[in-house]
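Residues per chain, in single letters:
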Amino acid sequence: MKTKRIGFATRLGAIAATVGSAVGLGNIWRFPYEAGQNGGGAFIIVYIACVALLGIPVMLSEFIIGRSTHSNMKGALRKLAPKSSIYLMAYVCIAGAVMVLGFYSVVCGWVVEYICQAVAGNLQGHQPQDYSVMFSDFVGSPVRMVLFTVVFLAINFAVLLKGVQKGIERMSSIMMPLLFLLLVVFCVNSLMLPDAHKGLAFLFKPDFGALTWRGVVDAFGQAFMSLSLGVACLVTYASYFNDDTSLTRDAVVIASLDTLVAILAGIVIFPAVFSFGMQPEAGPKLVFEVLPAVFQQMAGGYVWAILFFVLLFFASLTSTISLSEIFITFLIEERNFSRRKAIWITAAVVGSLAVLCALSFNVLKSVTVFGMSIFDLFNYLSSNVFMLLGGLFTALFVGWFLDRRVIVEQLTNRGRLNVPVMNYLMFCLRYVAPVAVVFIFMQLVGII
Ligand code: PFF
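Residues numbered from 1 in each chain as written. Predicted model: local features only at pLDDT ≥ 70, side-chain atom pairs only at ≥ 80, totals over all residues. Heavy atoms only, no water.

Caption draft 1: Highlighting the packing of aromatic side chains. Inspection of every chain in the model, using the stated rule, returns 37 aromatic pairs. Judged by centre distance (5.4 Å) and plane angle (70 degrees), the ring pair of Trp213 and Phe439 falls under edge-to-face. Here Trp213 is found in helix α10 (residues 213–226), whereas its partner Phe439 is found in helix α18 (residues 422–444), with 226 residues between them in sequence. Sitting over the face of the ring of Tyr87, Arg78 holds its NZ or CZ atom 4.2 Å from the ring centroid. For the cation-ring pair, Arg430 lies above Trp400, with the distance from its terminal atom to the ring centre recorded as 4.2 Å. (Phe/Tyr/Trp six-rings, centres within 6.5 Å; stacked < 30°, edge-to-face > 60°. Helix = DSSP H or I, 4+ residues; strand = E, 2+ residues; numbered from the N terminus. Lys NZ or Arg CZ within 6 Å of the ring centre and 35° of its normal.)

Structure (structure tokens):
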């Protein structure tokens, strides 16, 4: 059974959904801890360079593939390169998406747990260090970890089953600006903390000595994760865009907003890290330890904490919905499954991986691959291997193989727009992307 493809009613709807996909835990949870582990300022410079040189060009490539074919990644590649087996690349993208969902939904589970803790008033009245213990106790409990992960996934798939994701996206177009405002308020608060200047220096004064080659690839991977690149998500979304949307303008707006949110999150976190004597390189637990300490010293901290985690929950949900849609659309359009069946299959696959990731903090702690826990492995592989390779492949495909006329047609909306960035785009896709691929490969196999 084929379901009818539904387009976005308005241009704003399409943009809101794409921003909804981009802005999520990647910005608020992952960016600060990655920056913290890789020395702060230098990481951020590499990150921003990567957004400009690779992120926006890859985003545009995905938009071009999606909107010119109105298909999912595999169908699109079949249409655009009918005689080649390039379409097989779609499987790498889909595997990447499923892998991201596996670990990402565990962190979404943490957000649900922290909403409950905030409502119960447990994020108040402690020493900053107590929040570290609270987090360790939580992740050490298999029951709580699995429970909250499953609760989150149940909500995610219930939204998809009921077909109310449009409603969620509409709600997010109110929630996202609110989250943004909230971050600005928290920034002001953090800037008034006693050791704020140390946090700002850490964030904005580059110390290239603290950045390793691995850190550079981490910055690339983080940019791709944050912009939702390399897993065919934006191909799927762009397949719903209408023909009047300016792809270039949208890509620049989305990438800028996304980067801004990540940097704001950094400005909230690092002044607090230094003022409360915490460790910037604490890793994935960083934000969950630091934020409660920030909230409790604010007037009305009880309400701020609830508001923040609820908004973060919605930001995460719009990201997981977009991630789930990749596999679901593929199953429907390429395997002819009904939507219901496709959703259940996706839920079963993702649910199993997520439970494994949740248990890797406790009962499966001793199981390691390449010295990493299952959660860390998924987290690392999805951004530093799958998303980067998926995204850079997309860049090479559009840069070197796709008929130039398709690119021009899509960027100019069939000659109706003037797009002065064509040369820049082609340079990045044709030359910067392959250099990045070689570099990433060298880092991966340990040559550098
Ligand atoms: N960009 C999202 C974030 O920063 O949280 C994560 C994500 C969503 C990655 C959708 C990939 C994707 F397809």
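Caption draft 2: Expanded view of the packing of helix α17 (residues 404–411) against α18. Running from amino to carboxyl end, α17 crosses α18 at an angle of 130 degrees, the nearest separation of the two axes being 12 Å. As the angle between them shows, α17 and α18 are arranged oblique. Considering the relative orientation of α17 and α18, their crossing is right-handed. Contact residues: α17 offers Arg404, Ile407, Val408 and Leu411, while α18 offers Met422, Leu425 and Met426. (Axes fitted to C-alpha atoms, helices over the stretch in contact; angles between N-to-C directions. Parallel < 35°, antiparallel > 145°, perpendicular 65-115°, else oblique. Left-handed = near helix turned anticlockwise from the far one by under 90°. Contact = heavy atoms within 4.5 Å.)

Caption draft 3: Local environment of the site of the ligand. Taken together, 17 residues sit near the ligand, with Ala22, Gly26, Tyr104, Met225 and Ser228 positioned nearest. In this structure, a nitrogen atom belonging to the ligand sits 2.8 Å away from a main-chain N or O atom of Met225. Summarising the interface, the protein chains cover 100% of the accessible area of the ligand, which totals 340 Å² for the free molecule. According to the grid-proximity analysis, the pocket containing the ligand is the largest cavity. Put simply, the parts of the chain that give the shell around the ligand at least two residues each are α1 (11–22), α2 (25–37), α10 and α14 (301–335). For the shell around the ligand, the element with the most residues is α14, which contributes four residues. A per-class count over the shell around the ligand returns nine nonpolar, eight polar and no charged. (Near = heavy atom within 4 Å. Polar contact = N/O pair within 3.5 Å; in protein donor to acceptor, adjacent residues only side chain to side chain. Areas by Shrake-Rupley, 256 points an atom, 1.4 Å probe, with all protein chains shown as cover. 1 Å grid on protein atoms, 1.4 Å probe; cavity = no way out; pocket = protein on both sides within 12 Å on 5 of 7 lines; lining within 4 Å. Sits in = over half its atoms within 2 Å of the grid points. Nonpolar A, V, L, I, M, F, W, Y, C, P; charged D, E, K, R; others polar.)

Caption draft 4: Layout of unusual backbone geometry. The phi angle at Ala232 is positive, at roughly 70 degrees, despite the residue not being glycine. Considering the arrangement of structural elements, one finds Ala232 in the loop between α10 and α11 (233–238). The exposure class assigned to Ala232 is buried, which follows from its relative accessible area of 1%. Notably, Asn413 is not glycine yet its phi reads approximately 50 degrees, a positive angle. (Buried < 20%, exposed > 50% of the residue type's maximum accessible area, 1.4 Å probe, protein only.)

Caption draft 5: Region of the structure containing helix α15 (residues 339–359). An ideal rise of 1.5 Å per residue puts 30 Å on 21 residues; α15 measures up with 30 Å between its terminal C-alpha atoms. Of all the residues in α15, the buried ones are Ala342, Ile343, Thr346, Ala347, Val350, Gly351, Ala354, Cys357, Ala358 and Leu359. Where α15 is buried, its residues meet α5 (89–119), α7 (142–162), α14 and α16 (374–401). (Expected span 1.5 Å × (residues − 1).)

Caption draft 6: View of the nonpolar core. Counting 169 residues, the largest nonpolar core has Trp110, Phe220, Phe224, Phe308 and Phe309 as the members making the most contacts within it. By residue number, the principal contributor to this core is α5, which donates 20 residues. In this structure, Phe220 is in contact with Val46, Cys50, Leu54, Leu388, Ala436, Phe439 and Ile440, ignoring residues within four places of it in sequence. (Core = buried A, V, L, I, M, F, W, Y, C linked by side-chain atoms within 4.5 Å.)

Caption draft 7: Inspection of empty space enclosed by the protein at higher detail. As enumerated under the stated definition, the model contains three cavities of 30 Å³ or more in all. Around the largest cavity, the lining comprises 13 residues; the ones closest to its centre are Ser21, Met225, Ser228, Ser319 and Leu323. Among the secondary structure elements, those contributing two or more residues to the lining of the largest cavity are α1, α5, α10 and α14. If you tally residues by element for the lining of the largest cavity, the top one is α14, at three residues. In this structure, the second largest cavity occupies an estimated 40 Å³ of space. Of the residues in the lining of the second largest cavity, the class split is six nonpolar, two polar and one charged. (Points joined across faces, edges and corners; volume = space filled by probe spheres on them.)

Caption draft 8: Summary view of the pattern of salt bridges. Counted under the stated rule, the structure contains 11 salt bridges. Among the ionic pairs, Arg214 bridges to Asp218, the shortest N-O distance being 3.0 Å. Taken together, the residues Arg214 and Asp218, both in helix α10 and four residues apart, mark about one turn of the helix. (Salt bridge = Lys/Arg side-chain N within 4 Å of Asp/Glu carboxyl O.)

Caption draft 9: Fine view of the environment of Ile306. Mapping Ile306 onto the fold places it in helix α14. With 125 residues separating them along the chain, Ile306 and Leu181 place their C-alpha atoms 15 Å apart. Among all residues touching Ile306, those that are not within four sequence positions of it are Ala118 and Val119.

Caption draft 10: Spotlight on a nonpolar patch on the surface. A grouping of Trp213, Phe441, Leu444, Val445, Ile447 and Ile448 is seen on the molecular surface, where their side chains present a nonpolar patch of about 600 Å² in accessible area. Within the secondary structure layout, Val445 lies in the segment after α18. On the basis of relative accessibility, which here comes to 49%, the residue Val445 falls in the partly exposed class. (Patch = residues over 30% accessible without salt bridge, like charges linked within 9 Å, V, L, I, M, F, W, Y side chains within 5 Å.)

Caption draft 11: Structural view of the packing of α2 against α10. The geometry of α2 relative to α10 is characterised by a closest axis approach of 10 Å and an angle of 175 degrees between their N-to-C directions. In terms of orientation, α2 lies roughly antiparallel with respect to α10. Across the interface between the two elements, Gly26, Asn27, Arg30, Phe31 and Glu34 from α2 touch Asp218, Gln222, Met225 and Ser226 from α10. Each residue belonging to the contact of α2 with α10 can be placed in one class, and the counts come to two nonpolar, four polar and three charged.

Keep in mind these values describe shape, not function.
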